[in-house]
Amino acid sequence: MTESKLAIHGGEKYRTKPWPSVGNASGRMFGQEEIQLLTEVIQSGSLNRVGGTKVPQLEAEFAAKYGTKHAVAATSGTAALHVAVGALNLEPGDEVITTTVTDMGTVIAILMCNLVPIFADVDPRTGNVTAETIAKQISPKTKAIIAVHLFGQMCDMDPIRALAREKGFWLIEDCAQAHLSEYKGHLAGTIGDIGCFSFQQSKQMTTGDGGMIITNNDQLAYRARLFADKGWPRGTGERGHLFLGPNYRLTELQGAVGLAQLHKLDEIVARRRHTAEMLAEMLDDIPGIRPPYLVPGTNPSWWIFSFTIEEKVLGVSPQDFAAALQAEGMPFHVGYIPNPIFDYPVIKERKTFGTSGIPWTLPQARQGITYEDKDYPGTMQFLSTTFVTSWNEGMTEEDVRDIAGGVAKVANYYLKNK
Ligand SMILES: Cc1ncc(COP(=O)(O)O)c(C=O)c1O
């Protein structure tokens, strides 16, 4: 390409056409299948999963897809995580180790069970926790780990699972962003004790909002099913609320859409992989641009596409590079969340239950726990250097060529003008 003036300096904008988006039909695969199943639900007159057929069918087919014994639906990814942690039945003040880079839903599930979240640093190349960073956070109170497969890129699970087994910790996989991601031939969610998924609008499959847990553990599945339904042992004929649990029942309307989406999931993920892999290859050819790093043996399902730049080669900061990209109409920004997840008021200022500061202030909790940015160098590096854009199945090869062209335009400019 010829060296053209950057849009940020008043030059012509590289791309003016809008990008396909997960926020609307341009980046989603909805069609007659969803409409047909929704129609069946409406015509049945049964919108509630109790007595309905679609949610039970979704659970059965989801479990079959992942090859697990059980699947339990919930109303969101956050709810699914709450169900998973609730199923463990831990004692208030116990600790759960998770990541600094995630959606708050991961941490909400921990806090709602009166458990103390402990944060492991991330590998700055992936944004994911590792066995080493988790090991540094273990205390006598540790009972469980929630490993988040960020952007659909898998954590390096063998060492994490080995650590969990050695120490006797439960291992939950947060696969909210990782539907059908693979690690050494295993699907995300089938490696730990429980896998949790989100069906929120932007996820690889969606019901607007919704979620699912999968497990091979009969007891966890039993508790999870009751936990998501007010502790109610359906099928026994008794109305016994056996323990505390919310109502996280998915509706039949969501079950219908979920089924149709599950049937398309292979194609959705294949499309995301095709375009994302093409983009990664094209970016690899641009001096100063580093395509996303993948843990060997993993096959992501691309919830987000990310890359980094070599600042010394290009002579520009990630923030300035991002501003130039945005001016060209490229949909990237730096950092997935602006700060580590513990910097939000709910955690930093302990805004949980009234002014109690529970769970941190529980007498049985370990005292003096603090979360400081300076203790998380991998996180700070990842969040300040990683370019991200939401990915979707509507992305075409032409879109990919445009992205690569736009990134090349900006990179070439800085290369020549540093
Ligand atoms: C990693 C992760 N965990 C949990 C959640 C929570 O899911 P939901 O928004 O469906 O409650 C999300 C949603 O974005 C997520 O990305």
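Remember, predicted model here, so these are calculated numbers, not experimental data.

So, the overall build of the protein chain
When helices and strands are counted, the protein chain shows 13 helices and 16 strands. In terms of overall dimensions, the protein chain is globule-like: its C-alpha atoms have a radius of gyration of 22 Å, near the 22 Å expected for 418 residues. Along the first, second and third principal axes, the C-alpha set of the protein chain runs to 75 × 55 × 40 Å. Counting all 418 residues of the protein chain, 57% fall into the buried class. Partitioning the contacts of the protein chain with sequence separation of at least 6, the portion at a separation of at least 24 is 72%. Accessible surface, the protein chain: about 16,900 Å² in total, of which carbon and sulfur atoms supply 53%. Charged side chains in the protein chain number 39 positive and 46 negative. The centres of these two groups are separated by 3 Å.

A closer look at the site of the ligand
Around the ligand sit 15 residues in total, of which Thr78, Asp174, Gln177, Ser198 and Lys203 are the nearest. Here an oxygen atom of the ligand sits 2.7 Å away from a polar atom, N or O, in the side chain of Ser198. Out of a free accessible area of 380 Å², the ligand has 92% covered by protein chains. With three residues, helix α3 (residues 77-88) is the single largest residue contributor to the shell around the ligand. Tallied by class, the residues present in the shell around the ligand amount to four nonpolar, eight polar and three charged.

Re the sheet that holds strand β14 (residues 304-309)
On the basis of which strands lie adjacent, the open sheet formed by four strands has the order β12-β14-β16-β15 and antiparallel pairing. Two strands lie at the open edges of the sheet, namely β12 (289-290) and β15 (333-334), each paired on one side alone. Examined bridge by bridge, β14 and strand β16 (residues 387-390) share four bridges and lie antiparallel to one another. If you follow Ile304 over to β16, its bridge partner there is Ser390. In the packing of helix α8 (residues 252-284) onto the sheet, contacts are made with β12 and β14, and the angle to β14 comes to roughly 10°.

Quick word on the sheet that holds strand β8 (residues 182-183)
Across the sheet, which stays open at both edges, the three strands sit in the order β9-β8-β13 with antiparallel pairing between neighbours. With one partner strand each, in any of the chains shown, β9 (186-187) and β13 (298-299) form the two edges of the open sheet. Of the strand pairs in this sheet, β8 and β9 are connected by two bridges, and their pairing is antiparallel. Considered in β9, the bridge of Tyr183 is made with His186.

Examining a nonpolar patch on the surface
Residues Ile108, Met112 and Phe353 make up a contiguous nonpolar surface patch of roughly 250 Å² in combined accessible area. Examined against the element boundaries, Ile108 turns out to sit in helix α4 (residues 104-112). Judged by its relative accessible area of 33%, Ile108 is partly exposed.

Some details on the environment of Arg290
With respect to the helices and strands, the residue Arg290 is situated in strand β12. Exposure remark for Arg290: the relative accessible area of 44% places this residue in the partly exposed category. Sequence spacing of Arg290 and Ile8 is 282 residues, and the spatial spacing of their C-alpha atoms is 22 Å. If we ignore the near neighbours within four places in the chain, the residues touching Arg290 are Phe307, Thr308 and Glu310.

Remarks on the pattern of salt bridges
Applying the stated criterion across every chain yields a total of 25 salt bridges. The partner of Glu393 in a salt bridge is Arg28, and the shortest N-O contact between them spans 2.7 Å. Taken together, the residues Glu393 in the loop between β16 and α13 (397-417) and Arg28 in the segment before α1 (32-44) connect sequence positions 365 residues apart. Each member of the pair, Glu393 as well as Arg28, is classed as buried. Each of Arg15, Asp399 and Asp402 takes part in salt bridges that share partners, so that together they form one network.

Some remarks on the domain arrangement of the protein chain
The parts lose accessible area when they come together, and the size of an interface is often stated as this lost area. Domain annotation for the protein chain reports domain 1 (7-27 + 265-336 + 381-417) and domain 2 (32-262). Computed over C-alpha atoms only, the centres of domain 1 and domain 2 are separated by 30 Å. With 29 residues of domain 1 in contact, the opposing surface of domain 2 contributes 32 residues. Carbon and sulfur atoms supply 58% of the area that domain 1 and domain 2 bury against each other, a total of about 2,500 Å² over both sides. Its largest share of buried area at the contact with domain 2, domain 1 owes to Leu265, Trp303 and Phe382, together 30% of the area lost on that side. One can count one salt bridge joining domain 1 with domain 2. Applying the counting rule to domain 1 against domain 2 returns 14 residue pairs in polar contact (both at pLDDT 80 or more). Of all the elements in the fold, those that place two or more residues in the side of domain 1 that touches domain 2 are α8, β13, β14 and α12 (377-385). Broken down by element, the residue count for the side of domain 1 that touches domain 2 peaks at six residues, all from α8.

Thoughts on the packing of α1 against α8
Where α1 contacts α8, the two axes come as close as 8 Å, and the packing angle between them is 155°. Compared by their axis directions, α1 and α8 come out roughly antiparallel. Handedness of the crossing formed by α1 with α8: right-handed. The segment α1 lies against α8, with Glu33, Glu34, Leu37, Leu38, Val41 and Ile42 engaging Glu252, Leu253, Ala256, Val257, Leu259, Ala260, Gln261 and Lys264. Counted by class, the contact of α1 with α8 contains nine nonpolar, one polar and four charged residues.

About the criteria used
- Residues numbered from 1 in each chain as written.
- Predicted model: local features only at pLDDT ≥ 70, side-chain atom pairs only at ≥ 80, totals over all residues.
- Heavy atoms only, no water.
- Helix = DSSP H or I, 4+ residues; strand = E, 2+ residues; numbered from the N terminus.
- Rg over C-alpha atoms; globule rule 2.2 N^0.38 Å.
- Buried < 20%, exposed > 50% of the residue type's maximum accessible area, 1.4 Å probe, protein only.
- Contact = heavy atoms within 4.5 Å.
- Areas by Shrake-Rupley, 256 points an atom, 1.4 Å probe, with all protein chains shown as cover.
- Lys, Arg positive; Asp, Glu negative; His and termini not counted.
- Charge placed at Lys NZ, Arg CZ, Asp CG, Glu CD.
- Near = heavy atom within 4 Å.
- Polar contact = N/O pair within 3.5 Å; in protein donor to acceptor, adjacent residues only side chain to side chain.
- Nonpolar A, V, L, I, M, F, W, Y, C, P; charged D, E, K, R; others polar.
- Pairing = 2+ DSSP bridges.
- Axes fitted to C-alpha atoms, helices over the stretch in contact; angles between N-to-C directions.
- Patch = residues over 30% accessible without salt bridge, like charges linked within 9 Å, V, L, I, M, F, W, Y side chains within 5 Å.
- Salt bridge = Lys/Arg side-chain N within 4 Å of Asp/Glu carboxyl O.
- Domains from an automatic or database assignment.
- Buried area = accessible area lost by both parts, 1.4 Å probe.
- Parallel < 35°, antiparallel > 145°, perpendicular 65-115°, else oblique.
- Left-handed = near helix turned anticlockwise from the far one by under 90°.

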